[in-house]
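# Observations on the three-dimensional arrangement
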Amino acid sequence: MAILVTGGAGYIGSHCVAALIERGADVVVVDDLSKGHKAALKGGRLYVGSVADRDFLREVFTKESIEAVIHFAAFSLVGESMTVPEKYFRNNVTAGLTLIETMLEFKVPYLVFSSTAATFGEPEYVPIDEKHPQHPTNPYGESKLIVEQMLRWCDHAHGLKFCALRYFNVAGAWHDGSIGEDHRPESHLIPMILSVAQGKRDHLSLFGTDYPTKDGTCVRDYIHVEDLIDAHFLALEYLKKSNRFHARRGDDCARWCIMV
């Protein structure tokens, strides 16, 4: 039986695939390669296509014996989602629904969903816990919340067990340095800082000066990508043992892995 990783050629997805291969798992990857890189895959059987393409996805599920899905495939740029929200709803929500329906059709019972802390919106209190109200302030967060809600109802109706990990910012690379962040164009803070230090970028711009901090700039929470992947694996084991859905935000992963 195989584990399907959607968006498996992307940053977090490729690290998930690498860790699964290292553990001896049978891995199937679905990625349209619009953001991901085939060279980042350390193994697994790659099917190039969109999760939103029902016929394509059914073909994958027909060819492969899939026991669980780890779902990363999504557009994830908050700023872009504000300018073209329809793109995010079409891709993230439609693809999520197509995946859910295909899993139900082929009786695949477990899904670990890469959600986001953006589903919470502006914090009403800190630290944020899982009971915090979810009021997204951008279409990206809204699209992820809609998928969470679809999963919740499909669990009640059909017994599709899921875990949604609502994490914040991810950083780091594979332990041997062979894969890491490779966004084009790069939009993540740490790679941009390193690019300035290497002389590949002239300067770094920081936005926001009215946060309640010493210099007015914001504070960001980070988790190392390998620790995050451990959390996904533990979430999957949790689902298999408990047969219950649950939602985890980023720093609750500290129960399973080290926060950085």
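Residue numbers run consecutively from 1 along every chain, following the written order of its sequence. Under the rules for a predicted model, residues below a pLDDT of 70 receive no local features and side-chain atom pairs below 80 are neither given nor counted, while totals for whole chains, interfaces and linings still include all residues. Derived side-chain values reflect all non-hydrogen atoms in the structure, with water molecules and hydrogen atoms excluded from consideration.

### Let's talk about empty space enclosed by the protein
The pocket and cavity definitions rest on a 1 Å grid over protein atoms only: a 1.4 Å probe that fits but cannot leave marks a cavity, an open set with protein on both sides within 12 Å along at least five of seven lines marks a pocket, and residues lining either have an atom within 4 Å of a point. Grid points are joined across faces, edges and corners, and a volume is the space filled by probe spheres set on the points. Under the definition given, this model contains one cavity of 30 Å³ or more. Space inside the largest cavity adds up to approximately 30 Å³. Lining the largest cavity are His71, Ala73, Ala74, Asn92, Phe113, Lys144 and Val147.

### Re helix 5 (residues 139–158)
Since the α-helix advances by 3.6 residues per turn, residues separated by three or four positions end up pointing in the same direction. Comment: elements are numbered from the N terminus, with helices defined as DSSP H or I runs of at least four residues and strands as E runs of at least two. What a helix should span is 1.5 Å times the count of its residues minus one. Between its terminal C-alpha atoms helix 5 stretches 28 Å, which fits the 28 Å expected from 20 residues at 1.5 Å a residue. Contact partners of the buried residues in helix 5: helix 3 (78–83), helix 4 (85–105), strand 5 (110–114) and strand 6 (161–166). At the exit of helix 5 stands glycine 159, carrying a positive phi of roughly 80 degrees. The contact definition used throughout considers only heavy atoms, calling two residues in contact when any of these lie within 4.5 Å.

### Describing the side chain of threonine 116
Mapped onto the elements, threonine 116 comes out in the loop between strand 5 and helix 5. Take threonine 116: its relative accessible area is 7%, and that puts it in the buried class. Between N or O atoms, a polar contact is any pair within 3.5 Å; within protein, one atom must be a potential hydrogen donor and the other a potential acceptor, and residues adjacent in sequence are included only when both atoms are from side chains. Separated by 3.0 Å, the side chain of threonine 116 and the backbone nitrogen of alanine 118 make a polar contact. Every residue in contact with threonine 116, bar those within four places of it in the chain, is listed here: Tyr140, Gly141, Lys144, Leu165, Arg166 and Tyr167. Between buried and exposed lies partly exposed: a residue is buried under 20% and exposed over 50% of the maximum accessible area for its type, with that area taken using a 1.4 Å probe on protein chains only.

### A short note on unusual backbone geometry
Cis geometry is found at the peptide bond from valine 126 to proline 127, where omega equals -5 degrees. For proline 127, the position within the fold is in the loop between strand 5 and helix 5. Although it is not a glycine, leucine 33 sits at a positive phi angle of roughly 65 degrees. Residue position: leucine 33 is located in the loop between strand 2 (27–31) and strand 3 (45–48). For lysine 107, which is not a glycine, the phi torsion comes out positive at approximately 60 degrees. Looking at where lysine 107 falls in the secondary structure, it is placed in the loop between helix 4 and strand 5.

### Structural notes on the layout of surface pockets
For the second largest pocket, the calculated volume is near 240 Å³. For the second largest pocket, the full set of lining residues is Gly172, Ala173, Gly180, Glu181, Ile190, Pro191, Leu194, Ser195, Gln198 and Lys200. Side-chain classes follow a simple rule in which Ala, Val, Leu, Ile, Met, Phe, Trp, Tyr, Cys and Pro form the nonpolar group, Asp, Glu, Lys and Arg form the charged group, and the remainder, Gly included, forms the polar group. Class assignment for the residues of the lining of the second largest pocket results in four nonpolar, four polar and two charged.

### Some points on the confidence of the model for the chain
Caution applies to low-pLDDT parts of the model: their predicted coordinates are not meant to be read in detail. Looking at the chain as a whole, its pLDDT mean stands at 90, while 93% of the residues score no less than 70. This model gives residues 249–260 a pLDDT under 50, and the stretch forms 39 contacts once residues within four places in sequence are excluded. Think of pLDDT as the predictor's per-residue confidence, scored from 0 to 100.

### So, the pattern of salt bridges
The term salt bridge refers to a pairing of a side-chain nitrogen on Lys or Arg with a carboxyl oxygen on Asp or Glu at a separation within 4 Å. Per the stated rule, a full pass over the model turns up ten salt bridges. Of the charged contacts in the structure, one is a salt bridge between glutamate 101 and arginine 54, with a shortest N-O distance of 2.7 Å. Here glutamate 101, found in helix 4, pairs with arginine 54, found in helix 2 (residues 54–63); they are 47 residues apart in sequence, far enough to count as distant. You can call arginine 54 partly exposed: its relative accessible area is 39%. Taking the shortest distance from any N to any O, the salt bridge between lysine 240 and glutamate 67 comes out at 3.8 Å. Within this pair, whereas lysine 240 is found in helix 7 (residues 225–242), its partner glutamate 67 is found in strand 4 (residues 66–71), the two being separated by 173 residues in sequence. Of the residues examined, lysine 240 reaches a relative accessible area of 28% and is grouped as partly exposed. Take glutamate 67: its relative accessible area is 25%, and that puts it in the partly exposed class.

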